[in-house]
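Single-letter residue listing:
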Amino acid sequence: MPTPADPAMNYLEAFGEKAEAISLLTWALLILSIAVVAIIALLTAAGVTMRRTSLAAEDAKREPVLRPSGGLSWITVGVALSTLALFASMAWNAYTMAAVNRPPRAPALTIEVIGHQWWWQFRYKSDDPAQTFETANEAHIPIGAPVRLEVRTQDVIHSFWIPALGEKIDLIPSQTNVTWFEAEKPGVYRGQCAEYCGQQHAHMAIAVVAETPEAFQAWRVAQLHPAEAQQGGLIEGEALFQARCSACHTVRGTLAGGKLGPDLTHVASRLGIAANTLQNTTATLSGWIADPQRIKPGNKMPTLDLQASELGAIRRYVQSLK
Amino acid sequence: MAVADSDRSLELQQSGAPARERLARIWEGEAGLRGWLSTVDHKEYGKRYIATAFIFLILGGLEALVMRVQLAGPNKTLLTPEQYNQLFSMHGLTMIFLYAQPVLSGFSVYLFPLLLGARDMAFPRLNAFSYWIYLFSGLFIYAGFVLGYGPNDGWFNYPPYASMRYNPGPNMDFYAIGMILFGVSSTAGAANFVVTFLRARAPGMSINRVPILTWGTVTASFGILFSVPAVSLAFFLLWTDRQFGTDFFNSGQGQPLLWQHLFWIFAHPWVYVVVLPAMGIVSDALPIFCRRPLVGYTVVVLATVATMVMGFGVWLHHMFATGIPYLALSFFSAASFVITIPSAVAVFAWIATIWTGRPVLSTAFLFFAGFIVMFTLGGVSGVMTAAAPADQQLTDTYFVVAHIHYVLIGINVLAVMGGLYVWFPKMTGRLLDERLGRWNFWTVFLGFNIAFLPMHWTGLAGMPRRIYTYPEGLGWTAVNVVTTIGAFILAAGVLLLLVNMYVSRRHGAAAGPDPWGGPTLEWATTSPPPTYNFAVIPAVASRHPLWEGSLDESGERSSLQRGMILDDGKEMLTTTALDAEPDAIQKMPPDTLAPLLAALAATALGAAALLHAWIGATIFTLLLFAALLVWLWPQRAMGQISEQAHV
């Protein structure tokens, strides 16, 4: 597993060519903005201190009214300087827009991103149907290569956003939006749904695992495998899973073929569960299967009132899906 | 408008006690509840607008405080997700619709005729109607909230989450119908401001002599007239989508993005609707305390109008992440930079006024000086979001939440509070306490900045908006704690203002007609003004009628004590649109319950539609027409037919 670069969502530090161009522009505008506010604040404060009268408010009218000249030059100079700064920013903005609009090289990979209330479906596309596979909430990409993203939604509007790798793109019903990103360094990059999408908008996170091309290839091959036939102590868990969970979840290679929830064929290899709301551990997985409505109130996975022994069996089976 | 040819002898007279008594008899309405409900006096409605808007400000503020407690740490469970979502939606729509625009309408409704030297708005009954239906639209939406059906899709209300499929409760129907009613209010109010501005100015007050506040308001009113139809239509179509299965915004035949276009082509101009009159307040009141006229009157007016015109060409910058084509992205991004230039004109005009004036540091002045800096901060963070690639990172994060609060609190609330210190004495005859005022200003100013300055960082650290909770370890906790503390300090500041108003209303120092030595006509009449505002119609010879003595820039003098009295009935002078030459005498309507009844019937019609009570809807439609008939029924007192018969 690659070491997490920076799990934070801060986008002033970027990890890909595209995100770097954007963060540079953001920094430039930020510094310019701070400078402008500082100048205006100083001008206002200095004007107030240097020009103030000692009169109390109620005596305001004792100060004579005059019309000294020279005021207009403030406007002329101030607006001229502001306009220059604005046009410089506009030019930089246009340059950056052009730079990030298209990937510099042909994309190595196309991932279809499909938003659901409240999880992410990733479909790795290929011309060869046998090379196509699906996963959920965690996408792996090779470093050093642009990745093409085709985003759409199954229900309401969502927004796909990995701050360290580039800008957000909305998932709008009845259209497919296309964008791209690229990671330079291996690491786990966190993202989150950025367009309000209902009750659990807060718990709709994404993990993008960027790894070396070799590691990515190995992951890809592993993902293409269907689940292995179970034996021994896991047979009971598999049967229970098919009885209780398969209406919504798919485990490729078994009878479970539900399409409403995430594909769980390799769920045990993922870092997080419940759209990365929880880390993937024995305790959190048990808690989630036992009562998903307590952890993500309003989410579409029902609380099934499982017996303790059933829960254990299902949890052990799910943990075997590596 | 009933207009009479002025073929009577209109002598210029001094205002004496007998004339004042006659005018008072003509203009004063009934006492008691009936009088309170049926008055058409603009000063009453100005104060009611401000009071009602402040009640909504307090409600929206309390909603914010509850949310801030929920967000004061990671994984808090004070609120359920649904409760949080209703609270942030109510907070947004309350502040943006029910507070920010109506409070400015309040100032303008109160001040317009006084600033312009008129006796009332051009359409006093329409004025009453727009207040009542504003009040009822607010109550309508809050009724849904109280019943547990508050809107829960934000003030922006994007389908398909707002559609029946994902939102089957009546939550969105309360919002949709409430907003249609609100749109009636703002449209009626805007039409009234435009006509009053063009036709009810004192003779001699040519269009380049009016106070900036009236320019700000009339510009905003044009904005309302052109933008509100889009949103009223959008809410109506959404309602038919939900109730009758039409398909405007669903993903079948319709387009969810259509909603976003209709909404933002309204909501971006709306930003200027809720700031331009506030900028007008500062442009008019700041110079009083700098003891000089505003620097650059003409360029500031042109900048005001230019802002509004350009404001209709930038709506797409709210949709930079929706996957719009590159060309459109480039155009709207560039336009969003350019719109900053007129704002720079205003900022440097205010700074020049301070530097070339002699500022008296009253509480009002402090609010206006603070306003200039906060205006700049909210402006430059807006420029950052104009850059499309940067905005695609910034949008839907707390950076934009910080930005919108610098715009709405910095540019609207600070100007309103400063404006209250200036004109509360005019409205009540008593000054607000200055000592309490200092505490008020510093608590608001510091609380506001403690709450919202760090919030820029919260956004840059990647915290998305509209999430009811967040995990640990992302660097969001500390800044959120600071914001929560700041929010409570800000709330204490607002409370201090309320205390000051409550105490000063009874025990404040007497204001006299002109406590600050102001330049404009409202300071020429008593505080509070008589029902008829001015005993004689003033004749205006310059931009600063009350400063002519000290400025002494031309030989001409405004005439404030001698002029037409117009006491042959409830009458007002109308003048020509550009030069303000006397044109006609307008007969003014007596007090009437018709506007209130019409507003009630319209609201009841909305409620019946919400409940699918079609018989009720029919009855209320008929009642609405009946109220309009009573309203518009020809009255002898308002007609000129009999007068012409004398000729």
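Summary of the structure given here. (Residues numbered from 1 in each chain as written. Chains lettered and ligands numbered in written order. Predicted model: local features only at pLDDT ≥ 70, side-chain atom pairs only at ≥ 80, totals over all residues. Heavy atoms only, no water.)

Structural notes on the sheet that holds strand β3 (residues 133–136) of chain A
Residues and elements named next belong to chain A.
Turning to step 1, where the next piece is worked out: Spatially, the five strands line up as an open sheet ordered β3-β2-β1-β5-β8, and their pairing is mixed. Each edge of the open sheet is held by one strand with a lone partner, namely β3 and β8 (177–181). The average angle at which neighbouring strand axes cross in this sheet is 25 degrees, direction not considered.
Turning to step 2, where the next piece is worked out: Packed onto the sheet, helix α3 (residues 213–224) meets β1 (109–116), β2 (119–124) and β3 and runs at close to 100 degrees relative to β3. (Pairing = 2+ DSSP bridges. Helix = DSSP H or I, 4+ residues; strand = E, 2+ residues; numbered from the N terminus. Axes fitted to C-alpha atoms, helices over the stretch in contact; angles between N-to-C directions. Contact = heavy atoms within 4.5 Å.)

Quick notes on the side chain of T322 of chain B
Turning to step 1, where the next piece is worked out: Within the element layout of this structure, T322 of chain B appears in the loop between α10 (297–311) and α11 (326–338).
Turning to step 2, where the next piece is worked out: From its side chain, T322 of chain B meets the backbone oxygen of M319 of chain B in a polar contact 2.7 Å long.
Turning to step 3, where the next piece is worked out: Not counting residues within four places of it along the chain, the set of residues in contact with T322 of chain B comprises D170, I172, Q175 and N177 of chain A together with L257 and Q260 of chain B. (Polar contact = N/O pair within 3.5 Å; in protein donor to acceptor, adjacent residues only side chain to side chain.)

Digging into the sheet that holds strand β10 (residues 205–211) of chain A
Residues and elements named next belong to chain A.
Turning to step 1, where the next piece is worked out: Pairing in this open sheet of three strands is mixed, and the strands run β4-β10-β9 from one edge to the other. One side of each edge strand has no neighbouring strand; the edge strands of this open sheet are β4 (138–142) and β9 (187–192). Along the sheet, successive strands turn relative to each other by an average axial angle of 25 degrees, direction set aside.
Turning to step 2, where the next piece is worked out: Across five bridges, the pairing between β4 and β10 is parallel. Counted as the bridge partner of I141 is A210 from β10.

Remarks on the packing of helix α15 (residues 398–428) of chain B against helix α16 (residues 434–460) of chain B
Think of two packed helices as two axes; the pair is described by the angle between the axes and how far apart they sit.
All names here are of chain B.
Turning to step 1, where the next piece is worked out: For the pair α15 and α16, interaxial distance at closest approach is 8 Å and the crossing angle is 170 degrees. Taken together, the axes of α15 and α16 are roughly antiparallel relative to one another. Seen from above, α15 lies across α16 with left-handed handedness.
Turning to step 2, where the next piece is worked out: When the residues that make up the contact of α15 with α16 are grouped by side-chain class, the tally is 16 nonpolar, nine polar and no charged. (Parallel < 35°, antiparallel > 145°, perpendicular 65-115°, else oblique. Left-handed = near helix turned anticlockwise from the far one by under 90°. Nonpolar A, V, L, I, M, F, W, Y, C, P; charged D, E, K, R; others polar.)

Regarding the pairing of β2 of chain A
Residues and elements named next belong to chain A.
Turning to step 1, where the next piece is worked out: With five of six residues buried, β2 lies mostly within the body of the structure.
Turning to step 2, where the next piece is worked out: As defined by bridge partners, β1 adjoins β2 across six bridges and the pair is classed as antiparallel. In the sheet register, I114 faces β2, and the bridge partner there is Q121.
Turning to step 3, where the next piece is worked out: In sequence, β1 turns back onto β2 through a hairpin of two residues.
Turning to step 4, where the next piece is worked out: Of the pairings in the sheet, the one linking β2 to β3 comprises four bridges and is antiparallel in character. (Buried < 20%, exposed > 50% of the residue type's maximum accessible area, 1.4 Å probe, protein only.)

Comments concerning the interface of chain B and chain A
Turning to step 1, where the next piece is worked out: Across the boundary between the two partners, chain B contributes 97 residues, which contact 87 residues of chain A.
Turning to step 2, where the next piece is worked out: Carbon and sulfur atoms make up 68% of the surface buried where chain B meets chain A, a total of about 8,000 Å² over both sides.
Turning to step 3, where the next piece is worked out: A per-residue breakdown of the area chain B buries against chain A is headed by F348, W355 and Q393 of chain B, which together make up 10% of the total.
Turning to step 4, where the next piece is worked out: Our enumeration of links across chain B and chain A arrives at two salt bridges.
Turning to step 5, where the next piece is worked out: Among the ionic pairs, R358 of chain B bridges to E63 of chain A, the shortest N-O distance being 3.9 Å.
Turning to step 6, where the next piece is worked out: On the surface where chain B and chain A come into contact, there are 30 residue pairs in polar contact (both at pLDDT 80 or more).
Turning to step 7, where the next piece is worked out: Listed by contribution, the elements that provide at least two residues to the side of chain B that touches chain A are α4 (81–116), α8 (256–273), α11, α12 (340–355), α13 (363–386), α14 (388–394), α16 and α18 (548–551) of chain B.
Turning to step 8, where the next piece is worked out: It is α12 of chain B that provides the largest number of residues to the side of chain B that touches chain A, a total of eleven residues.
Turning to step 9, where the next piece is worked out: Here the residues of the side of chain B that touches chain A are counted per class, giving 60 nonpolar, 26 polar and eleven charged. (Buried area = accessible area lost by both parts, 1.4 Å probe. Salt bridge = Lys/Arg side-chain N within 4 Å of Asp/Glu carboxyl O.)

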